[in-house]
Amino acid sequence: MYGLNDVVKLASNENPYGCSQNVQKVIITELNKLSLYPDSRADQLREKLANHHIGLNHDQFIFRNGTDELIRMIM
């Protein structure tokens, strides 16, 4: 219709290149943990981010299951 031959769909937040091989390796190594609940506070991730971003403390990061949950938590 528009004369385009190669179109990359980005509207659904999809990656046209597929999953990284590094990510695939990590997923495979973590498969045995699928039956466990994740750390709801993401302590390990928050510590790593604080170590990476100089001047920020681990308690300055917050992770939730989407914006709705975060807004409810703030309210």
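Note that the structure is a prediction, hence the values are computed from the model and not measured.

## Describing the overall build of the protein chain
Here is step 1: The secondary structure content of the protein chain amounts to three helices and zero strands.
Here is step 2: When the helices and strands of the protein chain are read in sequence order from the N terminus, they spell out α-α-α.
Here is step 3: For a compact globule of 75 residues, the expected C-alpha radius of gyration is about 11 Å, and the protein chain comes in at 18 Å, more than 25% above that figure.
Here is step 4: Oriented by its inertia axes, the alpha-carbon framework of the protein chain measures out at about 50 × 35 × 30 Å.

## Topic: the layout of surface pockets
Here is step 1: A volume near 380 Å³ is recorded for the largest pocket.
Here is step 2: Forming the boundary of the largest pocket are Pro38, Asp39, Ser40, Ala42, Gln44, Leu45, Lys48, Phe63, Arg64 and Asn65.
Here is step 3: Broken down by class, the residue content of the lining of the largest pocket amounts to four nonpolar, three polar and three charged.

## A word on helix 1 (residues 21–30)
Three or four residues apart is the spacing at which side chains of an α-helix point the same way, because the helix has 3.6 residues per turn.
Here is step 1: Counting buried positions over the 10 residues of helix 1 gives zero, only a small fraction of the element.
Here is step 2: The N-capping residue of helix 1, defined by a side-chain oxygen 3.1 Å from the backbone nitrogen of Asn22, is Ser20.

## What about the confidence of the model for the protein chain?
Here is step 1: On average, residues of the protein chain score 90 in pLDDT, and 100% of them reach the 70 mark or higher.
Here is step 2: The spread of mean pLDDT over the elements of the protein chain runs between helix 3 (residues 67–74), the lowest at 88, and helix 2 (residues 43–52), the highest at 96.

## Considering the pattern of salt bridges
Here the idea is simple: oppositely charged side chains can pair when their charged atoms come close.
Here is step 1: In this structure the tally under the stated criterion is four salt bridges.
Here is step 2: Asp43 is the salt-bridge partner of Arg41, the closest N and O atoms lying 3.4 Å from each other.
Here is step 3: A relative accessible area of 33% places Asp43 in the partly exposed class.
Here is step 4: Two residues, Arg46 and Asp43, come together in a salt bridge whose shortest N-O distance is 2.9 Å.

Rules used throughout
Residues numbered from 1 in each chain as written. Predicted model: local features only at pLDDT ≥ 70, side-chain atom pairs only at ≥ 80, totals over all residues. Heavy atoms only, no water. Helix = DSSP H or I, 4+ residues; strand = E, 2+ residues; numbered from the N terminus. Rg over C-alpha atoms; globule rule 2.2 N^0.38 Å. 1 Å grid on protein atoms, 1.4 Å probe; cavity = no way out; pocket = protein on both sides within 12 Å on 5 of 7 lines; lining within 4 Å. Points joined across faces, edges and corners; volume = space filled by probe spheres on them. Nonpolar A, V, L, I, M, F, W, Y, C, P; charged D, E, K, R; others polar. Buried < 20%, exposed > 50% of the residue type's maximum accessible area, 1.4 Å probe, protein only. Polar contact = N/O pair within 3.5 Å; in protein donor to acceptor, adjacent residues only side chain to side chain. pLDDT = per-residue confidence, 0-100. Salt bridge = Lys/Arg side-chain N within 4 Å of Asp/Glu carboxyl O.

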